[in-house]
Amino acid sequence: MSMIEFHDVQKFYGHFHALHDINLKIDQGETVVLIGPSGSGKSTLVRTVNGLESIQKGQLIVNNHDLSDPKTDLNILRRDVGMVFQHFNLYKNKDVLENIMLAPRIVSHMPEKENKEQAMHLLEMVGLEKWAHNMPSQISGGQKQRVAIARTLAMRPKLILYDEPTSALDPEMIDDVLQVIKKVTTDSGMTSLIVTHEMGFAKEVANRVIFMDQGRIVEDDASESFFKRPKTERAQQFLSKIISH
Amino acid sequence: MINIFSHFSSQLLVGLGWTVLSSVIALFFSLIIGTIFAIMEIVPNKVLRTIGRAYVEIFRNIPLLVITMFFYLVIPMYVVKINGFTAGTIGLSLYTSAFIAETVRSGIQSVAGGQMEGARSTGMTYWQAMRYIILPQAFKIVIPPLGNQFVNLVKNSSVLAFVAGFDLMYQANSIASTTFDTINSYLVVGVLYLIITLPLSYYMQHLEKKLA
């Protein structure tokens, strides 16, 4: 069963053509990594999947909701589609535990006891149970991102979108976050779409790699064969530059 | 000055009472109205946004005295009889609410962005995100500028004097015209205004430090 389907999707910002003829099908349970130079449209593509960006043409179906239909209720779609941001976007007015418990309480009306148990369990999983009552301003970037992942998991999503989850982190924090993402993507049967510049990580977790350039999907291949040797020259060029340092 | 105060203390205290009462009522309503219009100014709906914008621009750019006179003279003539105090307090509330709307709007916009996207991505509705995430943070940010608005509000309440609102300024005029001691009459009233505004000002500074 497919989780995400793009059919000839076009996205414009005014006259700027941000996404060109996107055709893409991602099945349930796949872990897909999206790579490409900055400005290639990776983040824009990921943000269209939960409706943070609108599309102007074509059809986009996510978890059986048609995002090209203006009548589609995005709030319902987003209950099943989590998102992890580059800059975490933790609620600054709530402590770590509340960050995780708020949406299950007010969106899915989970009983308080179950909600709290789940939140503590998730915090343990990301190694932050001791920080439950700290404010986001009191924890490091890497810890914030792990809380953000726990917050996303608390809604028990079918699909998680990661928009450059480690790009704003200090180098030493990156690994902890990647380990958590790896754990989440491998144990769960969840579908993941990950924008990243971490090639080692991409190689480890991805079933499939999509390479974008200038708003187009240039290459879409199984992870192994892509990292062995990309088919297009543009992707080869990109990979050689990124891996060389 | 002492003379004026001891002779007219009861009259001055009445004035002080009306000034404080009018300020408190106007503060309450301008905060509510201002917040409503601040939100209207930024909602996705275009019609609401235009109404919000229009309200703010109109009430912010007409002199307070003109607004107050309108409620004092025009409303009783065509709509409903209201006294000077009520007319003045309505004028004051509407005028101040336009400034509060601008202040709160800028606070909301400085919080929104990432915080809004974070909240919406968990399935919260726009209004849930506003209520639980955006507004609590926005109000914290706008406390210092709101404090200035409150101090201005107290001072602006002197507009009641023009519509027989029995406030401090009204009493000053009346004492000055009976005693002909204009200097001391207005000095006393100036001091009485300071007694309200200075503690308010200090309290706001304290609050700002505490929240920072």
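These lines cover the structure that appears in this document, whether it is placed above or below.

## Some thoughts on the interface of chain A and chain B
Listed per partner, the contact involves 22 residues of chain A and 16 residues of chain B. Of the roughly 1,600 Å² buried where chain A meets chain B, counting both sides, 54% is carbon and sulfur surface. Counting across the chain A and chain B interface gives one salt bridge. Where chain A touches chain B, the interface holds eight residue pairs in polar contact (both at pLDDT 80 or more). Among the secondary structure elements, those contributing two or more residues to the side of chain A that touches chain B are α2 (74-79), β6 (81-84) and α3 (96-106) of chain A. Class assignment for the residues of the side of chain A that touches chain B results in eleven nonpolar, five polar and six charged.

## Let's talk about the nonpolar core
Leu102(A), Tyr55(B), Ile108(B), Met124(B), Met130(B), Ile133(B) and Ile134(B) are the most contacted members of the largest nonpolar core, which has 50 residues in total. If you list the elements that add at least two residues to this core, you get α3 of chain A together with α2 (9-42), α3 (46-60), α4 (64-78), α5 (84-111), α6 (114-120), α7 (126-156) and α9 (182-211) of chain B. Apart from residues no more than four positions distant in its own chain, Ile108(B) is found in contact with Ile39(B), Ile42(B), Met130(B), Ile134(B), Leu135(B) and Ala138(B). If you look at the next biggest cluster of nonpolar residues, it comprises 46 residues, including Leu122(A), Leu128(A), Val147(A) and Tyr162(A).

## Quick word on the packing of α2(B) against α7(B)
All names here are of chain B. Where α2 meets α7, the closest approach of the two axes is 11 Å, and the angle between their N-to-C directions is 135°. When the axis of α2 is compared with that of α7, the two are oblique. When the axes of α2 and α7 are compared, the crossing they make is right-handed. Only Tyr-126, Trp-127, Met-130, Leu-135, Phe-139, Leu-146, Phe-150, Leu-153 and Val-154 of α7 make contact with α2, whose side of the interface consists of Ser-23, Ala-26, Leu-27, Leu-31, Thr-35, Ile-39 and Ile-42.

The rules we used
Residues numbered from 1 in each chain as written. Chains lettered and ligands numbered in written order. Predicted model: local features only at pLDDT ≥ 70, side-chain atom pairs only at ≥ 80, totals over all residues. Heavy atoms only, no water. Contact = heavy atoms within 4.5 Å. Buried area = accessible area lost by both parts, 1.4 Å probe. Salt bridge = Lys/Arg side-chain N within 4 Å of Asp/Glu carboxyl O. Polar contact = N/O pair within 3.5 Å; in protein donor to acceptor, adjacent residues only side chain to side chain. Helix = DSSP H or I, 4+ residues; strand = E, 2+ residues; numbered from the N terminus. Nonpolar A, V, L, I, M, F, W, Y, C, P; charged D, E, K, R; others polar. Core = buried A, V, L, I, M, F, W, Y, C linked by side-chain atoms within 4.5 Å. Buried < 20%, exposed > 50% of the residue type's maximum accessible area, 1.4 Å probe, protein only. Axes fitted to C-alpha atoms, helices over the stretch in contact; angles between N-to-C directions. Parallel < 35°, antiparallel > 145°, perpendicular 65-115°, else oblique. Left-handed = near helix turned anticlockwise from the far one by under 90°.

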